[in-house]
Amino acid sequence: MRKENETIFLNAFEENKEKLFRICSIYSKDPEDAKDLFQEVLVHVWRSMATFKGNSSLSTWMFRIALNVCLRFKNKHTKNQHRFIRLDSITIANFGSEERNGGENEKLIGLRKCVKKLNDGDKAIVALYLEGLAYREISNILGLSENNIAVKVKRIKSKLLNCINDIL
């Protein structure tokens, strides 16, 4: 059974790693924190593999775990921020690097800044929406109705558009 879980985990990881990393980056202040958070998400997913019941798709289940871990991390990080020491000399592989495609355009950078300004609930919705999840999947992950998600997405789009226009 362990080997089967390992195979399922590795396949799901390969299929969803970039989406999960982008969700982590929304809840972190810099790329290094995003990498740490991503590792934490993977640990939680691995430890929870035996409890996956199949009531939703594996990727939906993984997104739910990722959002829960990210929110816990954010809450813990803001409470204990003064206790952390940044070790700039330590580097990790370039996975998720901001410069991987030769830089990003101004609108994308502006969008990321605006998304980081949203409240946690709106961040969760927009992160999943930007990953291409259907309203039904988002509603399953967050426990809200599809109609509520649709309304919130429309409002979030408006907020983001106003924010981007103010920046640019």
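Preceding this section is the structure that the text describes.
These notes cover the structure that comes with them.

Rules used throughout
Residues numbered from 1 in each chain as written. Predicted model: local features only at pLDDT ≥ 70, side-chain atom pairs only at ≥ 80, totals over all residues. Heavy atoms only, no water. Disulfide = S-S within 2.5 Å. Helix = DSSP H or I, 4+ residues; strand = E, 2+ residues; numbered from the N terminus. Buried < 20%, exposed > 50% of the residue type's maximum accessible area, 1.4 Å probe, protein only. Salt bridge = Lys/Arg side-chain N within 4 Å of Asp/Glu carboxyl O. Phe/Tyr/Trp six-rings, centres within 6.5 Å; stacked < 30°, edge-to-face > 60°.

On to the state of the cysteines. All told, the structure shown has 1 disulfide when counted by the stated rule. Paired through a disulfide, C114 and C163 show a sulfur-sulfur distance of 2.1 Å. A torsion of -85° about the S-S bond marks the disulfide between C114 and C163 as left-handed. Of the two residues, C114 sits in helix α4 (residues 106-117) while C163 sits in helix α7 (residues 146-167), which places them 49 residues apart along the sequence. For the pair formed by C114 and C163, the shared burial category is buried. C70 supplies the cysteine sulfur nearest to C24, a cysteine that is in no disulfide, at a spacing of 4.0 Å. Note on C70: relative accessible area 0%, which makes it buried.

This paragraph deals with the pattern of salt bridges. A full pass over the atoms with the stated rule returns 7 salt bridges. Residue K17 is joined to E14 by a salt bridge in which the shortest nitrogen-to-oxygen separation is 3.0 Å. Here K17 pairs with E14, and both are found in helix α1 (residues 2-26), just 3 residues apart, close to one helical turn. Across the pair R22 and E18 runs a salt bridge, and its minimum N-O distance is 4.0 Å. Of the two residues, R22 and E18 both sit in helix α1, 4 residues apart, roughly one turn of that helix. Relative accessible area serves as the criterion here: at 32%, R22 is assigned to the partly exposed category. Taking relative accessible area as the criterion, E18 reaches 42% and is therefore assigned partly exposed. In this structure, a network of salt bridges that share partners links the residues E18, R22 and E131.

A separate point is the packing of aromatic side chains. Counted under the stated rule, the structure contains 6 aromatic pairs. Centre to centre, the rings of F21 and F38 are 5.7 Å apart; their planes meet at 75°, and the pair counts as edge-to-face. Here the residue F21 occupies a position in helix α1, and F38 occupies one in helix α2 (residues 31-48), the gap between them amounting to 17 residues. There is no split in this pair, since F21 and F38 are both buried. Chaining the aromatic ring pairs together yields one cluster made of F9, F13, F21, F38 and W46.

Turning next to the environment of N68. Secondary-structure assignment places N68 in helix α3 (residues 58-79). Overall, the relative accessible area of 38% leaves N68 in the partly exposed class. Along the primary structure N68 and L142 are separated by 74 residues, whereas in three dimensions their C-alpha atoms are 9.8 Å apart.

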